[in-house]
Amino acid sequence: MPDLSTKKWFVYVGDHHEGPMSLEDIRGMLGSGTVSPAHFAWCEGMGDWKAMTEIPDFGAVLGGGAPSPIGGDEGMTRVGSLTLEPMEPSSPSVVVSPAKQEARESNARINQILKPQRSAAPSAVGAFPDEKTGDINPKERKRMEKEAKKAAALAEKERKVREKLEAKEAKKRARGAPSALGMGTGGVAVRGGERLAPKLIKWLGFLAVVAGGYAAYLQGYLNPAIEHPMVKEAWHSAHSQIRPLLRTAITKFPALGQLISPIPSLPDVDPADYEQLKAAALADPLVDGGKVALALSQGDLLRPAFHLAGNLPDGVSLDVLVYGRSETLLNAMNFMELRQVRLAGGHGVTPAFAYSDGKPLPRGTYSVYVVDSQAQTPEAQAFLASLLSTTTKIPEFIPKNRKIALAATFFLGGAKDAVYAERLKLYHDKLREKSQAELAEIRQFLSSLSSQFNSTQRQFQSLRKGKAATPIQRTQWGRFSGQWVGFMAQLNQSFIKWTPEFVLNNQFHGLLYMMTRETGQAVFAVHQGQALYFSGGALPQDYDIQLKQRVAFAHEALTGLQ
């Protein structure tokens, strides 16, 4: 046996052995409670692992003379070939194998975590002596000896590996190469003789439980339970905390990304689009900023809905705006609708897009914009202001103070096939005819309004004399005004039909129709202002100023329409 000061000892702790170390190192571990005298130890030259109480060299370390492993020393009890420490009647303890020792310590740790108020030590688990002979069961003895031999062989193998690594390290230091010490064979990190395989197994076990729960959720097995409102609320709260853990797990083990998902299963979404939704929900806000993904539901393409996913906090509201490109729409000139989505668990789905009467979308190309909603909590507004950004040009119909999180293009309302192309051409031919007819109608209205404006201006200027109208002037104005208002009433019958919704859905030149209606209102306002002079009542102090403003506004409207 080599000198004690140079001996290198290994101690079996839990499911692994630690070492090499000196007796002073082991004395410190005994003092801190990391190991006990019942733990097994081994050094080069020993045939097998033995409990510290059986090794003479540990006599001084254990606080007394070196106990003899053969004789019947005082204060010690022999059971078969193993030497046991004196036992208190109320707390029996026996020497156990390393594997059994690990089981005992694991149970103690679990009990301590789950029931911290209980401090009773766990009962010993191991090879109990036979009640009749006092010897350990032969089968148990063989099993323990086999385990000890395996541990000894493993320790010897790792010692040799360590020596090779140290030799390589010395060579690299001599060449100035970066250190590789700490890595064992097979890419397994070696630090103080500890293998990382048990830790990896624990990680994988935890992730397997998580993946199993998610799989059950995604397959719909938990649907009857999670539909309850209280369960839904608890699920979304837990899900928001689980997502960061999933990010970490998938970063460490990318293959897990194929097994688990932060969003529910969406059978109505294309698989490639679903992967984009998953990626957006798993994105790290601190690294990637705010991420949002959009996917079209394949459930009903005539009245489509959209799935949204992102790494935004629960409760964030987003507006989804669908805008039809008029030159591509079949049998319609335009379409624009907005739906709001509130994210929960990183996911949300819009209500279906259709006309207010339930009529499906016209077939064609649509621009879809995801915009931050104004219905936000202050916390969500601050979060969106710092994270949502896009280089997409904001269309005129979206307020300038809104942020566009995403812009995409979809063909909706059916298939983009040869039938669609043929019908679209026929429809555009009809639109050209309709456009010419509408322009002719607007020109006729413009001519009538110009005539009405000029006639009321001439009559007012010819009849207004002095500060107040005479009875003859009022009579002449009354006859003229009756005819003028009667003609304007006929024009107004058309104006009443031209509601914003009507011209948007039925007129090719809807904007011109709205301008014509506003011009008619401006001309009528001029005539009403002029009639105040002939009413016989007192005129406002700034009457002339107000009347000039009305005339200027009507003249500008007529010029713009022309």
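This section reports on the structure supplied with the text.

What follows deals with the overall build of the protein. Helices and strands together make up the secondary structure of the protein, namely 14 helices and 15 strands. Burial statistics for the protein: of 562 residues in total, 39% are counted as buried. A separation of at least 24 residues holds for 64% of the contacts in the protein among residues at least 6 apart in sequence. Of the accessible surface of the protein, which amounts to about 32300 Å², a share of 57% is contributed by carbon and sulfur atoms.

On to the sheet that holds strand 13 (residues 347-349). Spatial ordering of the open sheet is given by 9-10-13, a layout of 3 strands whose pairing is antiparallel. At either end of the open sheet lies a strand with only one pairing partner, and these are strand 9 (292-296) and strand 13. On average, adjacent strands in this sheet sit at an angle of 20° to one another, irrespective of strand direction. Where strand 9 meets strand 10 (residues 306-310), 5 bridges bridge the pair, whose relative direction is antiparallel. Note that in strand 10 the partner of Val292 across the bridge is Gly310.

Helix length check: helix 13 (residues 510-534), at 25 residues, gives a terminal C-alpha distance of 38 Å against a target of 36 Å (1.5 Å per residue), a fit within 8%. Downstream of helix 13 by a residue or two, Gly536 has a phi angle that is positive, lying close to 90°.

Before going further, it helps to spend a moment on the nonpolar core. Counting 29 residues, the largest nonpolar core has Phe453, Phe460 and Phe534 as the members making the most contacts within it. Broken down by secondary-structure element, the contributors of at least two residues to this core are helix 10 (418-463), helix 11 (471-497), helix 13 and helix 14 (543-561). In contact with Phe460, other than residues within four places in its own chain, are Trp477, Gln530, Tyr533, Phe534, Tyr543 and Leu547.

This part takes up unusual backbone geometry. The omega angle of the peptide bond from Gly19 to Pro20 is 0°, so this bond is cis rather than trans. In this structure, Asn331 is a non-glycine residue whose phi angle is positive, near 65°. Judged by its relative accessible area of 56%, Asn331 is exposed.

On to a nonpolar patch on the surface, then. Together, Tyr323, Met336 and Phe397 give the surface a local cluster of nonpolar side chains, amounting to about 240 Å² of exposed area. One can find Met336 in strand 12 (residues 336-342). Judged by relative accessible area, Met336 falls into the partly exposed class, the value being 41%.

Here we take up the packing of aromatic side chains. As enumerated under the stated definition, the model contains 20 aromatic pairs in all. Considering the side-chain rings of Tyr12 and Trp49, the 5.7 Å spacing of their centres and the 80° angle between planes classify their relative orientation as edge-to-face. Linking Tyr12 in strand 1 (residues 9-13) with Trp49 in the loop between strand 3 (40-43) and strand 4 (50-51), this pair joins segments that are 37 residues apart in sequence. The same class applies to Tyr12 as to Trp49, namely buried. Taking 6.1 Å as the distance between ring centres and 80° as the angle between the ring planes, the aromatic pair formed by Phe460 and Tyr533 counts as edge-to-face. With Phe460 in helix 10 and Tyr533 in helix 13, this residue pair connects regions lying 73 residues apart in the sequence. For Phe460, a relative accessible area of 6% puts it in the buried group. Arg339 extends its terminal NZ or CZ atom over the ring of Phe353, reaching a point 4.9 Å from the ring centre. One cation-aromatic arrangement involves Lys359 over Tyr355; the distance from NZ or CZ to the ring centre is 5.6 Å.

A few words now on helix 14. With 19 residues, helix 14 ought to run about 27 Å at 1.5 Å a step, and its terminal C-alpha atoms sit 28 Å apart, in line with that. Within helix 14, the full set of buried residues consists of Tyr543, Leu547, Val551, Ala554, Ala557, Leu558 and Leu561. Down the axis, helix 14 shows its buried residues gathered within 125° of arc, on one side only. Set apart from the buried face of helix 14 by more than 90 degrees, the exposed residues are Ile545, Lys548, Gln549, Phe553 and Glu556.

Taken together, the 4 strands give an open sheet; going across it, the order is 12-11-14-15, and neighbouring strands pair in antiparallel fashion. Of all strands in the sheet, those with a lone pairing partner are strand 12 and strand 15 (404-412), marking the two edges. Between one strand axis and the next, the sheet turns by 20° as a mean value, whatever way the strands run. Pairing of strand 11 (residues 317-324) with strand 12, which is carried by 7 bridges, proceeds in the antiparallel orientation. When the bridges of strand 12 are listed, Ser317 appears paired with Arg342.

Applying the stated criterion across every chain yields a total of 9 salt bridges. A salt bridge links Asp300 to Arg303; the shortest N-O distance between them is 4.0 Å. Given a relative accessible area of 32%, Asp300 falls into the partly exposed group. The exposure class of Arg303 is partly exposed, given its relative accessible area of 33%. For the salt bridge of Asp544 with Arg464, the shortest nitrogen-to-oxygen distance reads 3.1 Å. One end of the pair, Asp544, is in helix 14; the other, Arg464, is in the loop between helix 10 and helix 11, and 80 residues separate them in sequence. By relative accessible area, Arg464 is classed as partly exposed at 28%. Connected through shared salt-bridge partners, Lys425, Asp429 and Arg432 make up one network.

Rules of the game
- Residues numbered from 1 in each chain as written.
- Predicted model: local features only at pLDDT ≥ 70, side-chain atom pairs only at ≥ 80, totals over all residues.
- Heavy atoms only, no water.
- Helix = DSSP H or I, 4+ residues; strand = E, 2+ residues; numbered from the N terminus.
- Buried < 20%, exposed > 50% of the residue type's maximum accessible area, 1.4 Å probe, protein only.
- Contact = heavy atoms within 4.5 Å.
- Areas by Shrake-Rupley, 256 points an atom, 1.4 Å probe, with all protein chains shown as cover.
- Pairing = 2+ DSSP bridges.
- Axes fitted to C-alpha atoms, helices over the stretch in contact; angles between N-to-C directions.
- Expected span 1.5 Å × (residues − 1).
- Core = buried A, V, L, I, M, F, W, Y, C linked by side-chain atoms within 4.5 Å.
- Patch = residues over 30% accessible without salt bridge, like charges linked within 9 Å, V, L, I, M, F, W, Y side chains within 5 Å.
- Salt bridge = Lys/Arg side-chain N within 4 Å of Asp/Glu carboxyl O.
- Phe/Tyr/Trp six-rings, centres within 6.5 Å; stacked < 30°, edge-to-face > 60°.
- Lys NZ or Arg CZ within 6 Å of the ring centre and 35° of its normal.
- Arc of directions from axis to C-beta.

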